[in-house]
Amino acid sequence: MNVAPRYLGRGSWLARRDPRVLILAIALFVFAVVQVWDGRLMVVLAVVAFLYYRTAGIPFRAVRYQWAYVLIFVGFIVTTNTIITGGELRGIDPRSVHTYFYLPLFGTPVSAESTSYAITQLLRFLSMAALGFPIAFAIGPSDIGPAFARLHVPDRFAYAIDLTFRFIPSLAGEMQTTIDAQRIRGYDYERVGRGPLGRIRRTVPVLVPVTINAIVGAEDTIDAMDLRCFGTGRRTWLRELVMDRTDRALLVGFALLFLLVTVLAFNGASNLWVFPFLIPG
Amino acid sequence: MSALLEVEDLTFTYRRATHPALRGVSLVVEPGEVLLVAGPSGCGKSTLIRSINGLIPHAYSGTLQGQVRLDGRNVAEMRLREVARYVGTVLQDPAKQIVGATVEAELAFGPENLGLPRTDIRERIGEVAERSGIRPLLGRETAQLSGGERQLVAVAGILMMRPRIFVVDEPLANLDPVTATRLLGILRALADAGEAVVIVEHRVEDVLDLRPDRVLYLDDGREVYQGAVAGFLAVADPRAVKLPFDVVLERVRQESAGGRSPGPLAMPWPVGAETPRGAPLRLEFVDVRAGFGAQEVLHGISAGLGARETVAVLGPNGSGKTTLFRTAMHLLPVTSGSILVDGASTRERSVAELAQVFGYVFQSPSQMLFARTVREELLFGPRNLGRDPETFDALIADVLRRTALDQLEGILDRPPLTLSFGQQKRLALAIALALHPVTLLLDEPNAGQDHRTATRFMAEVAAIPQLESLYFVTHDVDLALTHADRILLLRDGRVVADGPPARVIEDEDRWIGCNLRPTSLMRANARWRAGQASFLDATTLAQWVVTMERPAGARQTGRGGLGSTGR
């Protein structure tokens with residue numbers, strides 16, 4: 001495991017926070033946004049999420065492919081979900097739906113309501129991603145395990161999360177080596193495709209060797225951990241984490257946000273709100 | 001009173017295996033002792049290590065007979081946690097052993113698992129960092145360490161556990177000679193302080209600095225020799241184990257005195273002299289700069305490698321040796337400067353085009369293998385290049401024959417990853433040859449192979465017909481000196497010397513400054529063959545010396561003779 005996770009937010013305001021705050025913040029935020037179907041509130045929450053993301057100081061250039069993957073993945077989920085459900089019509093009288101047309105083959109109505117549903121869902125997922133990115137890129141590489149452990153996650157799981165964060169970039173490094181091994185045998189990756197989808201297609205021929213090598217390598221790592229008594233009893237975490245006043249204030253802020261959204265949800269924010277500009281004439 | 005470590009009549013057969021990996025091995029190690037375990041690949045060394053450190057039977061299942069006792073207690077009846085307090089194991093590949101994100105986290109990992117108080121762990125970190133000389137590395141991320149630094153950190157991680165027995169598996173495999181010496185110094189200090197060390201290593205000559213008390217030589221799971229180093233040196237086969245030159249010479253003298261001929265002066269490698277002036281260049285670097293992201297590794301390299309040359313690239317860990325090859329193959333872009341192949345810039349050439357000139361064999365062959373069968377693996381390249389399918393059968397037969405893989409029954413239908421390491425290495429070579437390159441680029445050709453297998457592999461490469469040139473990266477000084485016409489010496493991403501071996505080693509300070517050590521073979525060549533451009537391997541040089549010691553009329557010479565040049 002000789003590749004470090006990319007600590008892109010190093011030194012930023014958010015990276016200086018106790019890592020537990022980042023983990024608890026996303027948990028509180030997720031619990032808040034899942035209650036919301038009111039697009040107006042979701043826009044506000046999305047703004048909060050992206051302001052928070054900005055404080056992590058993650059250069060966009062370094063993560064543009066990750067954002068492209070998120071957009072494609074979330075776009076696919078939202079589109080599929082909207083087509084299957086025809087748009088969640090909670091709080092909407094079916095007789096007052098503003099239908100534009102029906103999708104061929106599926107027969108699903110595409111309406112102002114289903115489009116609002118899709119936009120709200122898209123904003124929700126992107127907001128969640130905005131709070132998730134700092135966990136991957138703005139927590140110090142050796143702080144992830146201690147952070148989860150101090151949140152009372154069992155030691156084995158906490159360390160497993162820590163290792164996973166480093167295993168994934170290692171896997172990426174291994175994949176690049178395998179790609180190089182195939183390129184020197186005339187396999188032209190550039191021809192296979194460009195853009196995020198092309199990159200996914202290019203990885204297909206390397207999945208088998210990378211997976212096998214990763215499994216073989218992981219066995220050695222497991223041996224090495226066993227030989228240093230991992231998982232045989234209660235462990236100490238050398239890294240001490242201390243929350244300062246700013247950490248606590250940030251945490252309280254997210255807790256209040258969660259409470260506020262919960263109250264608003266009870267008062268109608270959990271019902272779908274249709275964006276007026278989508279309603280025809 | 002019982003010994004620190006006792007292995008008694010140990011036999012182990014892995015689950016699903018048909019033959020035992022170890023057969024009736026016994027040994028005793030006392031405090032302060034150093035035991036060297038040697039033997040060819042597959043001789044049972046790893047199984048012995050796993051039996052000592054408790055992974056057998058705790059993590060690997062199979063049939064175990066006999067016992068391993070630590071301080072009189074049967075390992076099979078101890079918990080792994082208890083065993084780890086006695087035995088610390090350093091794996092062959094430190095990259096797989098290191099789990100901490102930073103050096104400090106890595107050192108803390110073991111004591112954290114033991115649940116020690118933080119103050120104790122910090123105290124140990126300070127003490128171990130001092131002892132192993134890695135204090136300047138403490139704040140660094142482990143991913144940023146060089147290969148040598150990583151090995152030292154892996155050892156320090158084990159020192160943190162304060163075990164009484166250190167088991168070290170091939171620690172020198174990826175280290176430059178000076179870093180290797182530093183590591184051996186740490187192990188010697190441990191033994192002097194009363195701990196026991198069990199070290200597994202092919203490079204016997206290099207490990208002699210550690211002053212082992214005894215040697216256990218294994219072959220096919222059985223003990224072939226166990227006893228004092230002097231006795232081992234007297235019986236060891238120099239073709240199977242790398243021995244000091246004086247030992248090889250003495251053995252050849254004894255054989256000669258006993259009436260056995262030292263043999264003809266066979267030259268196992270077509271030794272070339274310096275590339276003649278004006279000879280065509282295959283690969284030329286012109287002020288090349290390259291690196292990874294913001295980190296520049298090559299700082300303006302200029303060098304030309306001949307079309308009919310064997311060139312070894314030497315230098316310390318992290319000096320840019322592999323990076324040089326990767327830029328040549330366009331696997332890494334150059335940030336400035338240019339690379340010429342056969343006089344033409346490679347700027348517009350694809351990796352696929354370059355692959356038809358250069359066959360590149362990675363250090364780890366498994367990184368090149370992915371197909372279901374050897375046949376599919378061999379045809380992957382020719383298919384990508386649109387070669388005629390009618391020629392495939394002949395092509396496969398040819399490359400299998402040239403790499404001696406045709407002797408393995410049913411080789412074409414075997415999954416590549418089920419082959420042994422040495423076979424995988426030869427398959428990687430066959431894969432490269434299937435594209436009909438005229439030059440081979442080998443990255444650490446003998447890493448992970450025992451002396452006999454490595455020697456055979458290089459001999460097989462030398463015997464490949466139609467191959468015009470060979471460029472290889474290595475840490476093995478003797479391999480470079482005996483096989484190359486020319487040495488390219490790198491340090492910190494710059495060429496510090498370039499020329500025939502005899503000239504490059506003239507400046508001993510420069511040699512040592514590149515973390516290289518004068519070996520016994522190097523000194524012997526300098527002594528016995530002063531002024532000669534080429535170096536001989538230990539056995540050939542010993543035969544040469546013995547023949548020269550004979551009266552002139554009794555000498556005979558073999559193929560090539562001493563004056564043979566070039567390919």
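Residue indices begin from 1 for each chain and proceed along its sequence in written order. Lettering for chains starts from A, numbering for ligands starts from 1, and both go in the order in which the items are written. Reporting of local features is limited, given that this is a predicted model, to residues whose pLDDT is at least 70; pairs of side-chain atoms are given and counted only at 80 or more, and all residues count toward the totals for whole chains, interfaces and linings.

Peer 1: Could you clarify how one ought to interpret the overall build of chain B in this entry?
Peer 2: Regarding its fold elements, chain B presents 22 helices and 20 strands. When we talk radius of gyration, it's over C-alpha atoms, and the globule rule is simply 2.2 Å times the number of residues to the 0.38. For 567 residues, the compact-globule estimate of 2.2 N^0.38 gives 24 Å, and the C-alpha radius of gyration of chain B, at 25 Å, lies within 12% of that figure. Its C-alpha atoms give chain B principal-axis dimensions of about 70 × 65 × 50 Å. Buried residues in chain B amount to 53% of all 567 residues. Expressed as a percentage of contacts within chain B between residues at least 6 apart in sequence, the contacts between residues at least 24 apart total 71%. In DSSP terms, a helix is any run of H or I states spanning at least four residues, a strand is any run of E spanning at least two, and both are numbered starting from the N terminus. Note on burial: count the other C-beta atoms lying within 10 Å of the residue's C-beta; 20 or more is buried, 12 or fewer is exposed, in between is partly exposed, and C-beta positions come from the backbone. Contact between two residues is assigned whenever their backbone-derived C-beta positions fall within 7 Å.

Peer 1: What's the story with the domain arrangement of chain B in this structure? I'm lost.
Peer 2: Quoted interface sizes are often the accessible area lost when the parts come together. Residues and elements named next belong to chain B. Domain limits in this description derive from either an automatic procedure or a database domain assignment. Domain parsing of chain B yields domain 1 (5–236) and domain 2 (281–521). Counting residues at the interface gives 16 residues for domain 1 and 19 residues for domain 2. Mapped onto the side of domain 1 that touches domain 2, the elements with two or more residues apiece are helix 7 (147–159) and helix 8 (177–192). For the side of domain 1 that touches domain 2, the leading source of residues is helix 8, giving four residues.

Peer 1: How do you make sense of the domain arrangement of chain A when you look at a structure like this?
Peer 2: Residue and element names in this part refer to chain A. Domain assignment breaks chain A into domain 1 (19–139 + 242–278) and domain 2 (147–226). Averaged C-alpha coordinates put domain 1 and domain 2 at centres separated by 29 Å. Counting residues at the interface gives eight residues for domain 1, matched by four residues for domain 2. In terms of residues, the side of domain 1 that touches domain 2 owes the most to one element, helix 3 (residues 60–85), which gives four residues. Three categories are distinguished: nonpolar for Ala, Val, Leu, Ile, Met, Phe, Trp, Tyr, Cys and Pro, charged for Asp, Glu, Lys and Arg, and polar for the others, with Gly belonging to the last. Looking at the side of domain 1 that touches domain 2, its residues break down into seven nonpolar, no polar and one charged.

Peer 1: Looking at this structure, how should I read the packing of helix 1 (residues 19–33) of chain A against helix 10 (residues 245–269) of chain A?
Peer 2: Angle between the axes and distance between the axes: these two values describe a pair of packed helices. All names here are of chain A. An axis is simply a line fitted to the C-alpha atoms; with a helix, the fit covers only the stretch in contact. Between two such axes, the angle follows the N-to-C directions and lies from 0 to 180 degrees. Running from N to C, helix 1 and helix 10 point in directions that differ by 10°, and their axes come no closer than 9 Å. As judged from the angle between their axes, helix 1 and helix 10 are roughly parallel. Each of V21, L24, A25, L28, F29, F31 and A32 in helix 1 lies in contact with helix 10, whose residues at this interface are D247, L250, L251, F254, A255, L257, F258 and V261. Tallied by class, residues from the contact of helix 1 with helix 10 come to 14 nonpolar, no polar and one charged. Roughly parallel covers angles under 35 degrees, roughly antiparallel covers those over 145, roughly perpendicular covers 65 to 115, and oblique covers all other angles.

Peer 1: Please explain the sheet that holds strand 19 (residues 486–491) of chain B as it appears in this structure.
Peer 2: The strands that make up a sheet pair up through hydrogen bonds in the backbone, lying either parallel or antiparallel. All names here are of chain B. Here we have six strands laid out as an open sheet, ordered 16-17-18-13-19-20, and mixed in their pairing. Each edge of the open sheet carries a strand with a single partner, namely strand 16 (358–361) and strand 20 (494–499). Each strand of the sheet is rotated relative to its neighbour by a mean of 15°, with strand direction disregarded. Strands pair, by our definition, only if DSSP identifies at least two bridges between them. Here strand 19 pairs with strand 20 via five bridges, running antiparallel. Counterpart to L489 in the pairing with strand 20 is A497.

Peer 1: How do you make sense of the interface of chain A and chain B when you look at a structure like this?
Peer 2: Contact with chain A, which involves 41 residues of that partner, is made by 54 residues of chain B. Looking at the side of chain A that touches chain B, the elements that each hand over two or more residues are helix 6 (155–183) and helix 9 (207–226) of chain A. For the side of chain A that touches chain B, the residue count by class is 19 nonpolar, 11 polar and 11 charged.

Peer 1: For this particular structure, what's the right way to read the pairing of strand 17 (residues 439–443) of chain B?
Peer 2: All names here are of chain B. In terms of burial, strand 17 is largely enclosed, as four of its five residues are buried. Here five bridges tie strand 17 to strand 18 (residues 469–473), and the two strands are oriented parallel to one another. By the bridge assignment, L440 is partnered in strand 18 with L470.

Peer 1: Can you walk me through the packing of helix 7 of chain B against helix 8 of chain B in this structure?
Peer 2: Residues and elements named next belong to chain B. At a minimum axis distance of 10 Å, the contact between helix 7 and helix 8 shows a crossing angle of 10°. On the basis of the axis angle, helix 7 is roughly parallel to helix 8. Of the residues in helix 8, those in contact with G148, Q151, L152 and V155 of helix 7 are T179, L183 and I186.

Peer 1: When you look at the confidence of the model for chain B in this model, what are you seeing that I'm missing?
Peer 2: Note: predicted coordinates in regions of low pLDDT should not be interpreted at a detailed level. Residue and element names in this part refer to chain B. Confidence scores per residue from the predictor, reported as pLDDT, run from 0 to 100. Averaged over all residues, the pLDDT of chain B equals 84, while 93% of them reach at least 70. Of all secondary-structure elements in chain B, the lowest mean pLDDT belongs to helix 4 (residues 94–97), at 78, while strand 2 (residues 22–29) reaches the highest, 94. Scored below 50 in pLDDT, residues 262–277 makes 55 contacts in the model with residues more than four places away or belonging to other chains. Contacts of residues 556–567 to residues separated by more than four positions or lying in other chains number 24 contacts, the stretch itself having pLDDT below 50. Interface confidence for the predicted complex, given as ipTM, is 0.77, next to a pTM of 0.75.

Peer 1: So what exactly am I meant to see when it comes to helix 22 (residues 538–549) of chain B here?
Peer 2: Within an α-helix, residues lying three or four positions from one another point in the same direction, as the helix has 3.6 residues per turn. Residues and elements named next belong to chain B. Expected helix span is taken as 1.5 Å per residue step, with the number of steps being one fewer than the number of residues. Relative to the 16 Å expected for 12 residues at 1.5 Å per residue, helix 22 spans 16 Å between its end C-alpha atoms, a close match to the ideal helical length. Those residues of helix 22 not exposed but buried are A538, T539, T540, L541, A542, Q543, W544 and V545. Considering only its buried residues, helix 22 is in contact with helix 11 (245–257) and helix 21 (520–528).

Peer 1: Is there a simple way to think about the environment of L331(B) in this case?
Peer 2: For L331(B), the location among the structural elements is in the loop between helix 12 (321–328) and strand 14 (334–341). The exposure class assigned to L331(B) is buried, which follows from the 20 C-beta atoms found within 10 Å. Residues L331(B) and L385(B), 54 residues apart in the sequence, show an inter-C-alpha distance of 18 Å. When sequence neighbours within four positions are dropped, the list of residues in contact with L331(B) reads D180(A), R183(A), R326(B) and V351(B).

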